[in-house]
Every structure is written in C-alpha cells, then in structure tokens.
Amino acid sequence: MTSRPPVWAAPVLWTVLLGLWGIGRQRSVWRDEAATWLVAQRSTGQIAHTLQHMDAVHGLYYLWMHVLFSCFGPGILTLRLPSVLAMTRAAACVAVIGGRLGGFRAGLAAGLALPLLPAVQYQLQDGRSYALVAAGVGLSTLLLAALLQGRGGAGRWVAYGGVVLVTGLLHWLSLLVLPAHAVTLLWSRAGRGTWARWAGASAGAVAGVLPLILYSRDQAGQVAWIPPLTWHTMIGPAVLLALGGLAALLTRPKVGRLSVAAVGLPLLAVPQLGLVGLSFIQPVFLDRYVVFSQLGLALLIGAVLDAGARAAAPRLPRVSAWLVPTVVVAAVAALLPQSLAVRSPASRVDDVLAVADRVRELRRDGDAVLFVPVFRRDAALVSSGAFAGLRDIALTRSPAESGTLGGEEADPATIRTLTLAERRVLLVTDAVATGGAVPVARDSAKLAVLREHFTVVTDETVRGRRVTVYERRPATELRVTWHTRCAGWSSPRLLPRARVECDRAPSRSGDRTAVAPGPPPGGAGSHRRSTGTAQQGRRDQIGSHVAVPAW
C-alpha cells in the first residue's frame, strides 16, 4: 500500500507552475515595481535615507530585495520570483490548515484554489511585498491553529508573535489579522490561558511594529491619491463577504469547535471590514492591502468542496472522488481569460520599459527631456540606455542623492529659462492625468513654456505613458521689456526669437537674455528721446546687439 503524499505537495507544485507561467509579462514593469527596482539597487545607507522621505512602510521589503539584487543581480525574474515563492508558501499553509481541520480533501482543495483567485493571481507575479505578507499571515494562522489544537507550547507562541511581528514590518496593515484571530478564539471558545498567551504574543508584535506605524504617519501624503469609499468601492468586499458567509453556512460549523469555518470566515471578513473602518478616518481602501484575506476564502472553498464530496459519496462515489479535480479544471477554464489578462502588460496602469523603448526610437543626441510629474523619471532610471544622449535639464539632484524616486528639480523660473534655450524637447508624462492630483509649480512651468513656445511634432501613448516631442517654433514671439541701458525703451514689446547675447548686466532672476534683430515696432512718436543723435545711436545698437530678457 502506497502512502499518501503530503497535503501541501500538489498545491505547492500548482502554485509554482501558475507563478512561472508568463512571469515576464511580455517584458513589462509597472511604476510600483519600478520603485522596488530602483530602491533595492541603492546602498543600505541610501535606502535608510530614502525611508526618511518615503515608503517607510516598505523598508524591510526593500532591504530584502536589496540582498537578492546584490546576490543575483537586478532583473525581472529576481524582481518577481520572491512573490511566487511567497505565495507558494501561503498555499502550503492553507493546505495544511485545511487538512488538519477538515480532512485531506478540504486541505487539497483549499491549496489548489488559492492561486486561482483573481486577486491572488495579480499579486502572485508582482514585484511588491503583498505576496510576502500573505505568506506571513498564512504561517501565523497555521501556528495559531496548531496551538488551539494543543500542538506546541511557549516556544510556538513565541514563534507566532515573531511571525506576526515580521509580517507587520513588511506592511503594518497586516496586523488586521490579529482581530481575525481573536474572532477565531471566540468562536472556538478558547480558555483563559490561551487568551492570555495569545494576548501576550500579539501585544509584543504590535509593540514592535508601533514605531513604524507612528513614523509612517508622517508620510501619509503618499496615499492621498486613494479615493474615499463609495458604494461602488464596497461592491467587491460585499460580494466576498456574502460568498464567505454562504460557504460557512454550507459547512454547518459548530460554535465551540475549531473548524475550517472558524478560521476561514474571520480571516476573510475581519481584515476587509477593518480596512473599511480605517478608510472612514483616512481613505486607504485598496484590495492589495488585504490580499491576505483571500486565504480565508480559499479555506472556505476547500471546506465547501469537501462537504459536497461527502454528501455525494453514498450515492455517487465516483462523482465524489472526482469532484475536486473536476472543479479545478472547470475553474481554470472559466478563469482563463482573466488569467491571460493579468499576465499581460495591460493589466497594470503603465509600463516603464515600453515607454523607455519608445523614447529610444524618438530621441536624437542633444535633445532635452522633461518629466511630468517627477516620478515619471523612473523610466530613465530603470532603462538608462534608452535615454542616452538626452539631457535632463530640470534635474538638480539625483533620486538616490535626494532620497526620493523622482529626484530634485530646479525652480520654475530656471526650468522655463533652460527650456527656452532648447530646440527639441521630449516630454514623458502619464497618458491620463491622475484624478485629484494638484500640479506643482515646476510641472505647470514645464507645460506652460512648451505650450507657448514649442510645436508638437510627435505625440504617442505607450501603455499608460505619453511621449511628446516638441520643437521650438522658428519665429516664437516673446513679450519683453526694453531697458534704457540697452535700447532706451522701457515698454513691453513683441519681438522674434533670436540667439542669446547681451551687453548689459544679467537680470536679478538669473534668466538668460535673447537678442532681437532690428528696431522694435512702433513709430518715432511713441518713444522719443531728447536728441535725435542719441536716438539714432540707440537704433544702430538695436540693429546689431540689443538685450531682450527671455522667460
């Protein structure tokens, strides 16, 4: 008689296969993955400097990816494989929990279901921390279930608290798993000793994460773009909770008994409801922040399939035996369009590599480049070769030096002046403006000078980004003031653009000056001087080199 393989074996292989399928996503990297790519390649000192300005909540994840990039080099596989392996760990934990609480079939079905869930498929191949958070939540839930079954003692409680702590440092919203675990303790009617040990382990984990929570509050502006809750936003969570509640009812759980429903339903519902509650204080509701709650849904799916197979076994034993494989195949077929879509570049908001490739084709040596907003500079940083020969005229401090993703740029007046000195400028921006975003003065200055003094020669949208090529108009008119020292006039005039040159002292603003050929328009009666000789001398000077401020 052959022994049965462990319940986690098939889910692990299944999750790895799904994770490796299309992991390159047609050689695309979106903006959040670009942030991981860029920060992870900085030194540990530069990462610490960066976390003082942004993304403190992702600090531990960036350090982990820094180690991997240092060992294996930066690349798409290095970027995404950790998420695949982490979600594989989560699937294994789900399978073991289901197997221990509901039987082998329930665990097997739960482990196979997890990587098929749409929200999980999205994070399965994403170069961010959310798959690692799911793995941590899965492991902590497995430890709790074992402890509630009487497996292990004080050492396992310490391990439970440590896993919750590390997971919280990966993303502190993962602490929403603690109230879910509390509901499980209530459901299973845990004793006072169990409550006390759980409270101690949980308090230690929260205390360890609390400094990160307090520090990251100063960076709350990074999530200011998240919209407030609406009825439309609540449709997804409401459907999940309804499905989870129905699945729990179908398994006929008993209060006072540790069951799959006692673990799965709180794990699905409580983090979702907790994030909704936090969003009434500050809008933070994004499904990826609580993607770990999908582990609860997978557990409930496994329990329902097991209950269905048990019900069919007396009359239809063959149907019972093949129920789980049949449902998995049907789910794969039904979700195939979604699975293909999530592995395509269009599944993300943009693609920094695609826009870099287009810039490579459009650029000419000596061209200038501008980015609106500054964070769109990520394309040039991830794929620097595509921007070779282009001059980033607005940049004053690199992102690594400034501890930011976009770097520091010159003031609006300087940007305008530098742009006016160029004949050809490439602008990289978003295809669609971010809703609710207030343009900063520097970006407004860039767009204004390009609109007023340049002509669009190419305008293309590339996977969520936009590349526009501008050329200087051959006869751009500038509104200028004629200074007495140079020309004897002081009223504004419109003159054609010319080369930069002036024999007067530079202006206080530091702007460069343009030379205009010929006298200003207007008759002699409009700007007379006291002597005709002096006026003629000034006009001769205008005919050669007259200073006109250009801004």
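Above this text is the structure in question.
A short tour of the structure in this document, coming up. In this text the structure is predicted, and so the values were computed from the model without any measurement.

Examining the side chain of T429
Turning to its location among the elements, T429 is positioned in strand β5 (residues 424-430). Assessed through its relative accessible area of 14%, T429 is described here as buried. One polar contact links the side chain of T429 to the main-chain carbonyl oxygen of V372, over a distance of 2.6 Å. Residues in contact with T429, not counting those within four places in the same chain, are V372, R376, R465 and R466.

Some words on the packing of helix α14 (residues 294-312) against helix α15 (residues 317-334)
The N-to-C vectors of α14 and α15 enclose an angle of 160°; their axes lie 7 Å apart at closest approach. In this view, α14 runs roughly antiparallel relative to α15, as classed from their interaxial angle. As for the relative orientation of α14 and α15, their crossing is right-handed in sense. Touching L305, G308, A309, R310 and A312 of α14 are P317, S320, L323, V324 and V327, all from α15. The residue inventory of the contact of α14 with α15, partitioned by class, reads seven nonpolar, two polar and one charged.

Comments concerning the pairing of β5
Buried residues dominate β5, accounting for seven of its seven residues. With five bridges connecting them, strand β1 (residues 368-372) and β5 associate as parallel partners. Paired with L370 across the bridge in β5 is L427.

Section: the pattern of salt bridges
According to the stated counting rule, one finds 29 salt bridges in the structure shown. With its nearest N and O atoms 2.7 Å apart, the salt bridge here joins E409 to R377. With E409 in strand β4 (residues 408-409) and R377 in the loop between β1 and α18 (378-382), this residue pair connects regions lying 32 residues apart in the sequence. Taking the shortest distance from any N to any O, the salt bridge between D378 and R465 comes out at 3.1 Å. On the criterion of sequence distance, the pair formed by D378 in helix α18 and R465 in strand β7 (residues 465-472) is long-range, its members being 87 residues apart. Overall, the relative accessible area of 5% leaves D378 in the buried class. Classification of R465 by relative accessible area gives buried; the value is 0%. Counted as one network, the salt bridges with shared partners bring together R31, D350, R376, D378, D430 and R465.

How each quantity is defined
Residues numbered from 1 in each chain as written. Predicted model: local features only at pLDDT ≥ 70, side-chain atom pairs only at ≥ 80, totals over all residues. Heavy atoms only, no water. Helix = DSSP H or I, 4+ residues; strand = E, 2+ residues; numbered from the N terminus. Buried < 20%, exposed > 50% of the residue type's maximum accessible area, 1.4 Å probe, protein only. Polar contact = N/O pair within 3.5 Å; in protein donor to acceptor, adjacent residues only side chain to side chain. Contact = heavy atoms within 4.5 Å. Axes fitted to C-alpha atoms, helices over the stretch in contact; angles between N-to-C directions. Parallel < 35°, antiparallel > 145°, perpendicular 65-115°, else oblique. Left-handed = near helix turned anticlockwise from the far one by under 90°. Nonpolar A, V, L, I, M, F, W, Y, C, P; charged D, E, K, R; others polar. Pairing = 2+ DSSP bridges. Salt bridge = Lys/Arg side-chain N within 4 Å of Asp/Glu carboxyl O.

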